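Here's the letter readout for the chains.
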Amino acid sequence: MMTNPAGRLTQGQFSFLPDLTDAEILKQIEYGLTKGYAWSVEYTDDPHPRNTYWDMFGHPMFDLQDPAGVLMELRECRKAFPNHYIRLLAFDSVRGVESVVMSFIVNRPAKEPGFFLERTEIDGRSMRYSTRSHSASQPEGERYQG
């Protein structure tokens, strides 16, 4: 059984679901705000699973209480980077936690080429595996051009 037949990038919450609508995204933002979480918007054109540090769009919204403001920031990021992966992150700033508690993709390139598994034989016929995005063969800024 293939669990990801579309070959979509699966990072964060909701990864195996169809893309969330703006109305569904707004509900998640509202939920996070009721918990006291701060939101931020991030984007990348290199979604390698170990690339946890995406570029931040704008500033973290620590004092924002209106979910429409977070959605507005997301829409601005989509306009600026329509062919990038974009995700929303909710940060819990309560002392003792101070970490990301929600993270989900809210924008994807039209075509996701997936990843390449590279297998290398090393000493004693042992195998070393690594992955790289098919898009990484293109220079930064030229990946996912529609």
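Scroll up to find the structure this text is about.
Predicted, not measured: the structure shown is a model, and the values here were computed from it.

Visitor: I keep staring at the pattern of salt bridges and nothing clicks. Help me out?
Guide: Two side chains carrying opposite charge are able to pair once their charged atoms lie near each other. Tallied over the full model, the rule gives five salt bridges. Put simply, arginine 87 and glutamate 42 hold a salt bridge, and the shortest N to O gap is 2.8 Å. Residue arginine 87 is located in strand β3 (residues 85-92), and its partner glutamate 42 is located in strand β1 (residues 38-44); the two are separated by 45 residues in the primary sequence. The pair formed by arginine 87 and glutamate 42 is uniform in burial state, with each residue classed as buried. The shortest N-O distance in the salt bridge between glutamate 76 and lysine 79 comes to 3.5 Å. Of this pair, glutamate 76 and lysine 79 are both found in helix α2 (residues 67-80), three residues apart, which corresponds to roughly one turn of the helix. The structure contains a network of salt bridges with shared partners spanning Asp22, Arg75 and Arg78.

Visitor: Would you take a moment to explain the pairing of strand β4 (residues 99-107) for this structure?
Guide: Put simply, side chains in a regular strand alternate between the two faces of the sheet. Across seven bridges, β3 lies against β4 in antiparallel orientation. Residue pairing across strands places isoleucine 86 opposite asparagine 107, the latter belonging to β4.

Visitor: Help me understand the side chain of arginine 108 in this model?
Guide: Along the chain, arginine 108 turns up in the loop between β4 and β5 (115-122). Arginine 108 sits in the buried class, given a relative accessible area of 12%. Within the structure, arginine 108 has its side chain in polar contact with the side chain of aspartate 19 (distance 3.2 Å). Excluding anything up to four places from it in sequence, arginine 108 contacts Arg8, Leu9, Ser15, Asp19, Pro82, His84 and Tyr85.

Visitor: How should the sheet that holds β4 be read in this particular structure?
Guide: The pairing of strands in a sheet comes from backbone hydrogen bonds and takes either a parallel or an antiparallel form. If you trace the four strands from one edge of the open sheet to the other, you get β2-β1-β3-β4, paired in antiparallel fashion. Single-partner strands in this sheet number two, and they are β2 (55-61) and β4. Strand-to-strand twist across the sheet, computed as the mean angle between neighbouring axes with direction ignored, equals 20 degrees. In the sheet, β1 pairs with β2 via four bridges, with the strands oriented antiparallel. Bridge pairing links tryptophan 39 to methionine 61 in β2. Contacts from helix α1 (residues 22-34) reach β1, β3 and β4, with the element oriented near 170 degrees to β4.

Visitor: Looking at this structure, I do not really get the nonpolar core. What am I missing?
Guide: The tendency in soluble globular proteins is for nonpolar side chains to be buried side by side. In terms of nonpolar packing, the biggest core is built from 20 residues, with Ile25, Trp39, Leu88 and Phe104 touching the most fellow members. Counting residues per element, the ones that place at least two in this core are α1, β1, β2, α2, β3 and β4. In terms of residue count, the dominant contributor to this core is α2 (four residues). Those residues in contact with tryptophan 39, other than ones at most four positions away along the chain, are Gln28, Ile29, Gly32, Leu33, Pro60, Met61, Val70, Leu88, Leu89, Ala90, Met102 and Phe104.

Visitor: In this structure, what is going on with unusual backbone geometry? I would like to understand it.
Guide: The phi torsion of most residues other than glycine is negative, and most of the peptide bonds are trans. One non-glycine residue, phenylalanine 14, lies in the positive phi region at around 65 degrees. Relative to the helices and strands, phenylalanine 14 is located in the segment before α1.

The rules behind the values
Residues numbered from 1 in each chain as written. Predicted model: local features only at pLDDT ≥ 70, side-chain atom pairs only at ≥ 80, totals over all residues. Heavy atoms only, no water. Salt bridge = Lys/Arg side-chain N within 4 Å of Asp/Glu carboxyl O. Helix = DSSP H or I, 4+ residues; strand = E, 2+ residues; numbered from the N terminus. Buried < 20%, exposed > 50% of the residue type's maximum accessible area, 1.4 Å probe, protein only. Pairing = 2+ DSSP bridges. Polar contact = N/O pair within 3.5 Å; in protein donor to acceptor, adjacent residues only side chain to side chain. Contact = heavy atoms within 4.5 Å. Axes fitted to C-alpha atoms, helices over the stretch in contact; angles between N-to-C directions. Core = buried A, V, L, I, M, F, W, Y, C linked by side-chain atoms within 4.5 Å.

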